[in-house]
Amino acid sequence: MTIRSTKTETPFTLELLVRPAPTLHSCCSPEISHQMDEVSLNTEPAGDDDADGYEIEGDCAMTEFVSQTGIMQGENPLPPSAGMEFDSYEDVYYFYNCYAKQQGFGVRVSNTWYRKSKERYRGKLSCSSAGFKKKSEANRPRPETRTGCPAMVKFRLMESNRWRIIEVELEHNHLISPASGKFYKSHKSIGGGTKRSLQLDSAEEVQKIRLFRTVIIDSEGNRSIDVDEGESGNKVDYSNQLKLKEGDAKAVQNFFSRLQLMDPDFFYVVDLNEKGCLRNLFWADARSRVAYTYFSDVVAIDTTCLENKFEVPLVSFSGVNHHGQSVLLGCGLLASGTIESYTWLFRAWLTCILGRPPQAIITDQCRTLQTAIADVFPRASHCLCLSQIMHKIPENLGGSFEYEAIKAAFIRAVYYSLRVEEFEAAWEDMVQRHGIRDHKWLQALYDDRKRWVPVYLKDIFLAGMFPMQPNEVVSSFSEEFLVKSTPLKEFLDKYDQALQTHHQLEALADLDSRNSSYMFKSGSHFELQLSELYTNDILRKFGKEVEGMYSCFSTRQLNVDGPVITYTVKEQTEVDGNRREMRDYEVLYNPSEMEVLCVCGMFNFKGYLCRHALSILNQNGMQEIPAQYILSRWRKDVKRSYVYDHSCSGIDINNPVHRYDHLYKCIVQVVEEGRKSQDRYKIALQELDGILNKLCITEDCAL
């Protein structure tokens with residue numbers, strides 16, 4: 001039964017949205033599936049606490065429950081997804097069994113965990129083909145019917161006393177058919193003569209239907225229509241669901257359907273609230289997922305649209321490629337900026353990238369963000385975006401009596417301090433001189449200083465994504481086509497175009513680096529060395545440091561501590577816009593280990609050596625940059641294929657589903673390579689014809 005509103009708009013069911021996406025493991029190759037077991041999207045840990053778990057074989061307990069409570073209700077039930085909640089343990093089984101019957105597979109209770117008080121607090125339901133039977137020593141053992149099927153749902157009891165699904169696997173490793181549902185033990189109590197019709201006569205039955213079929217209707221006049229008519233007149237809490245206007249739901253459906261048709265490795269996850277309404281979304285295409293494998297060292301998470309109440313509450317994950325260009329690594333839409341929403345989103349992204357977190361993460365200053373990142377990425381270095389902080393100076397300090405003087409002192413303390421003690425002294429002088437010690441925003445910044453002041457971040461590799469000078473700005477993926485009033489449908493229409501523009505810019509930069517020689521501005525051996533290795537965009541940035549060597553002078557040795565020699569390099573640097581002053585830069589050099597380290601920290605900030613370090617190498621007769629300072633992420637000779645790699649390990653060639661899935665994903669790589677030029681297209685077509693001919697010959701021989 002399909003529940004419809006009185007609106008004329010066709011209801012958009014989330015069944016289409018989650019068709020394979022909530023399968024958190026389905027987008028991963030089989031060999032890594034076991035690594036994903038602990039990467040679930042629940043907002044609370046799913047540990048075993050102090051309880052003991054044991055396995056229950058068979059379905060007798062739950063089958064008896066179904067027999068006692070009547071027959072399963074609902075047709076074409078919603079696929080299970082992480083975040084769904086139910087009133088009881090039995091309701092979870094009831095729902096999953098109803099879904100299983102519609103799909104054509106049986107259900108087993110794999111595990112149930114109990115606390116010492118004998119209270120159930122966690123469970124796992126699996127396909128009846130999960131695992132393998134124990135070997136029997138009987139003379140005529142029964143044939144093996146199980147296949148080790150991974151399909152399952154995990155769920156646990158929450159503090160709200162409701163049961164929440166925390167992990168889902170929808171993919172089976174065997175063929176399933178709705179027609180075979182009546183043959184499974186978990187469905188055997190369902191018969192045509194006992195089936196009750198679906199009536200909306202009681203609140204209990206309404207609740208059961210809402211477990212199986214939830215309809216999202218486009219809201220009109222900021223109104224939401226829910227299955228339960230008794231609640232439909234209540235004010236909608238948009239902090240708990242996405243604010244969809246008329247046509248938005250259909251636009252999201254079409255957007256995901258189109259991307260999935262074009263990209264079989266497109267990954268997306270949806271999060272539903274307790275009423276089944278869309279709360280959060282995450283998605284990433286195959287190119288973004290592959291790009292992360294090359295550029296996973298530093299990731300910026302942009303929450304500007306969400307925090308500033310844009311029509312599109314976008315949260316984007318981005319990095320920088322080998323040209324220093326922004327590269328998209330995933331996107332999300334969140335109903336609100338709560339710890340729970342951010343935690344859900346970060347775990348969705350972590351699942352997408354196969355559980356491999358970045359080394360450093362850059363975000364805006366936000367306590368809820370910091371809490372969620374500390375929970376999901378505890379080992380990552382969390383930095384705050386300096387550009388965003390500088391952008392907020394007028395808003396937070398604009399009303400101060402000596403605003404211009406305060407701003408100048410702030411910039412000088414942040415950007416021109418080479419050592420921690422210099423920054424601390426400059427900050428103290430600023431707050432003391434201008435009487436702003438009790439300013440709340442400045443106090444919060446000072447408390448977080450180790451996350452955003454450059455002098456504290458020199459040991460973190462940031463790949464040019466963190467500004468070192470006041471005039472440096474880090475661009476955002478969405479800033480070119482998304483403003484505060486941009487509607488969701490327009491954003492989805494422009495999304496593909498924006499991605500293609502970024503891809504074309506990268507392709508043009510690749511072509512430029514391969515085919516055009518870099519124009520040297522100096523005769524430096526260092527520049528010549530990197531011109532053979534690095535892309536032209538990075539060479540141009542590095543060339544400025546080579547030129548800057550000529551502004552460095554009076555290099556002298558300070559002391560020797562074992563193998564490490566300390567030098568000072570003097571340079572005239574520009575301060576406060578147009579004023580220049582002499583500064584001393586301390587450089588440590590270890591000739592035995594070929595190591596050089598400058599107090600300015602440019603190598604970790606930018607990914608290439610500074611003029612001060614180059615001057616010391618040059619003074620010591622070095623004509624090449626040591627190998628440890630040549631980074632593969634900037635190299636132009638590294639072949640980067642943006643086709644998602646699927647390993648064949650773990651493929652059961654006796655299983656037709658495995659064969660189909662693996663062959664399909666392999667042929668996508670051929671299509672991707674073949675489309676790049678006419679010559680490649682002709683070769684691919686010729687080889688495919690040859691393969692088909694060989695397959696036909698093999699079939700004829702078999703006959």
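Residues numbered from 1 in each chain as written. Predicted model: local features only at pLDDT ≥ 70, side-chain atom pairs only at ≥ 80, totals over all residues. Heavy atoms only, no water.

(A) How the structure looks around the pairing of strand 15 (residues 381-384). With four bridges connecting them, strand 14 (residues 360-363) and strand 15 associate as parallel partners. Across the sheet, A360 pairs through a bridge with S381, a residue of strand 15. A crossover links strand 14 with its parallel partner strand 15, the connecting element being helix 9 (residues 367-376), and its sense is right-handed. (Pairing = 2+ DSSP bridges. Helix = DSSP H or I, 4+ residues; strand = E, 2+ residues; numbered from the N terminus. Right-handed = clockwise from strand over helix to strand, strands pointing away.)

(B) Up close: the sheet that holds strand 13 (residues 326-334). The strand order across the open sheet formed by seven strands is 9-10-13-12-11-14-15, and the pairing between neighbours is mixed. With one partner strand each, in any of the chains shown, strand 9 (267-272) and strand 15 form the two edges of the open sheet. When strand polarity is set aside, the average angle formed by the axes of neighbouring strands in this sheet is 20°. On top of the sheet, helix 5 (residues 248-262) reaches strand 9 and strand 10 (278-284); it is set at about 25° to strand 10, its chief contact. Contacts between helix 16 (residues 488-515) and the sheet are confined to strand 10, strand 12 (314-320) and strand 13, with strand 13 contributing the most and set at about 165° to the helix. (Axes fitted to C-alpha atoms, helices over the stretch in contact; angles between N-to-C directions. Contact = heavy atoms within 4.5 Å.)

(C) Quick peek at the pairing of strand 16 (residues 552-561). Relative to strand 17 (residues 564-575), strand 16 runs antiparallel, the two sharing seven bridges. In the strand pairing of strand 17, D561 is matched with V564. Hairpin connection from strand 16 to strand 17: two residues lie between these consecutive antiparallel strands, with G562 at a positive phi of about 65°.

(D) Summary view of the nonpolar core. In this structure, F410, W427, W452, L462, Y534, L609 and I625 are the most contacted members of the largest nonpolar core, which totals 80 residues. Per-element accounting of this core gives the leading share, seven residues, to helix 12 (residues 403-415). If you look at the next biggest cluster of nonpolar residues, it comprises 58 residues, including F86, F255, V312 and C331. (Core = buried A, V, L, I, M, F, W, Y, C linked by side-chain atoms within 4.5 Å. Buried < 20%, exposed > 50% of the residue type's maximum accessible area, 1.4 Å probe, protein only.)

(E) Representation of the confidence of the model for the protein chain within the structure. Residues with a pLDDT of 70 or more make up 76% of the protein chain, whose mean pLDDT is 78. Mean pLDDT across the elements of the protein chain ranges from a minimum in strand 1 (residues 12-13), with 30, to a maximum in strand 14, with 97. Here residues 1-76 is a poorly scored stretch, pLDDT under 50, and it has 205 contacts once near neighbours within four places are set aside; other chains count. (pLDDT = per-residue confidence, 0-100.)

(F) Region of the structure containing helix 14 (residues 440-447). Looking at helix 14, one finds that the buried residues are W441, L442 and L445. For helix 14, the arc enclosing every buried residue in end-on projection is 95°, short of the 170-degree limit, so these residues lie on one face. Turned more than 90 degrees from where helix 14 packs its buried face, K440 and D447 sit exposed. At its buried positions, helix 14 is contacted by helix 10 (386-391), helix 11 (393-397), helix 12, helix 13 (420-433) and helix 15 (449-452). (Arc of directions from axis to C-beta.)

(G) Focus on the packing of helix 8 (residues 339-352) against helix 9. Interhelical geometry of helix 8 versus helix 9 gives an angle of 40° and a closest axis separation of 9 Å. On the basis of the axis angle, helix 8 is oblique to helix 9. For helix 8 against helix 9, the interelement crossing comes out right-handed. Note on element contacts: helix 9 touches helix 8 through T368, L369, T371, A372, I373, D375 and V376, opposite I339, Y342, T343, F346, R347 and L350. For the contact of helix 8 with helix 9, the per-class residue count stands at eight nonpolar, three polar and two charged. (Parallel < 35°, antiparallel > 145°, perpendicular 65-115°, else oblique. Left-handed = near helix turned anticlockwise from the far one by under 90°. Nonpolar A, V, L, I, M, F, W, Y, C, P; charged D, E, K, R; others polar.)

(H) Broad picture of helix 8. Counted at 1.5 Å a residue, the expected span for helix 8 with its 14 residues is 20 Å, and the 20 Å between its end C-alpha atoms agrees. Buried within helix 8 we find S341, Y342, T343, W344, L345, F346, R347, A348, W349, L350, T351 and C352. L354 occupies a position one or two residues after helix 8 and carries a positive phi of about 65°. (Expected span 1.5 Å × (residues − 1).)

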